[in-house]
Amino acid sequence: MMLEHDQQHILMSDITDGKIYRVNVATEVVELIYDHPYGINTIYRDKTGALWFSQSLQKVLTKQKCFYNMQIYRYPMVRCIEWQI
């Protein structure tokens, strides 16, 4: 979860279902701004408005250890779905 630079919105990521939400603090309007098939670990919006996040690709098992593959994404613009809580 992070407070955006405008101090009016919070970004929330869901590690279980891969969704990223943007919440207006004053109105409580929630926007679904991204949906990925794997979980979203961290989220950040930079001062240009680009959305950065890391997400798990898949669980990899070997004889020695278990680890998760991960990628980092940057999206300059993200479409939104808006609804009221």
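We now turn to the structure provided with this report. Note that the structure is a prediction, hence the values are computed from the model and not measured.

A short note on the overall build of the chain
Counting its secondary structure elements, the chain contains zero helices and eight strands. Moving toward the C terminus, one meets the helices and strands of the chain in the order β-β-β-β-β-β-β-β. Within the chain, buried positions represent 35% of all 85 residues. Taking contacts inside the chain between residues at least 6 apart in sequence as the whole, the part at least 24 apart equals 33%. Surface accessibility of the chain: about 5,900 Å² in total, with carbon and sulfur atoms responsible for 57%.

Points about the environment of V30
By the element assignment, V30 lies in strand β4 (residues 29–35). C-alpha of V30 to C-alpha of H9: the two residues are 21 residues apart in sequence and 9.5 Å apart in space.

Quick notes on the side chain of H9
Considering the arrangement of structural elements, one finds H9 in strand β2 (residues 9–13). A distance of 2.7 Å separates the side chain of H9 from the side chain of D6, its partner in a polar contact. There is a polar contact of 3.0 Å between the side chain of H9 and the side chain of R22. Ignoring anything within four residues of it in the chain, the contact list for H9 reads M2, L3, E4, R22, V23, N24 and V25.

Some remarks on the environment of I20
Residue placement: I20 occurs in strand β3 (residues 19–24). C-alpha separation for the pair I20 and E31, spaced 11 residues apart in sequence, amounts to 8.5 Å. In this structure, I20 is in contact with M12, S13, E31, L32, I33, Y34, I40, I43, L51 and F53, ignoring residues within four places of it in sequence.

Some thoughts on unusual backbone geometry
Glycine aside, a negative phi is what most residues show, and trans is what most peptide bonds show. Phi is positive for Q7, close to 60 degrees, though the residue is something other than glycine. Assignment of secondary structure puts Q7 in the loop between β1 (2–3) and β2. The exposure class of Q7 is exposed, given its relative accessible area of 51%. The phi dihedral of E28 is positive, around 65 degrees, even though this residue is not glycine. Inspection of the secondary structure puts E28 in the loop between β3 and β4.

So, how was this worked out
- Residues numbered from 1 in each chain as written.
- Predicted model: local features only at pLDDT ≥ 70, side-chain atom pairs only at ≥ 80, totals over all residues.
- Heavy atoms only, no water.
- Helix = DSSP H or I, 4+ residues; strand = E, 2+ residues; numbered from the N terminus.
- Buried < 20%, exposed > 50% of the residue type's maximum accessible area, 1.4 Å probe, protein only.
- Contact = heavy atoms within 4.5 Å.
- Areas by Shrake-Rupley, 256 points an atom, 1.4 Å probe, with all protein chains shown as cover.
- Polar contact = N/O pair within 3.5 Å; in protein donor to acceptor, adjacent residues only side chain to side chain.

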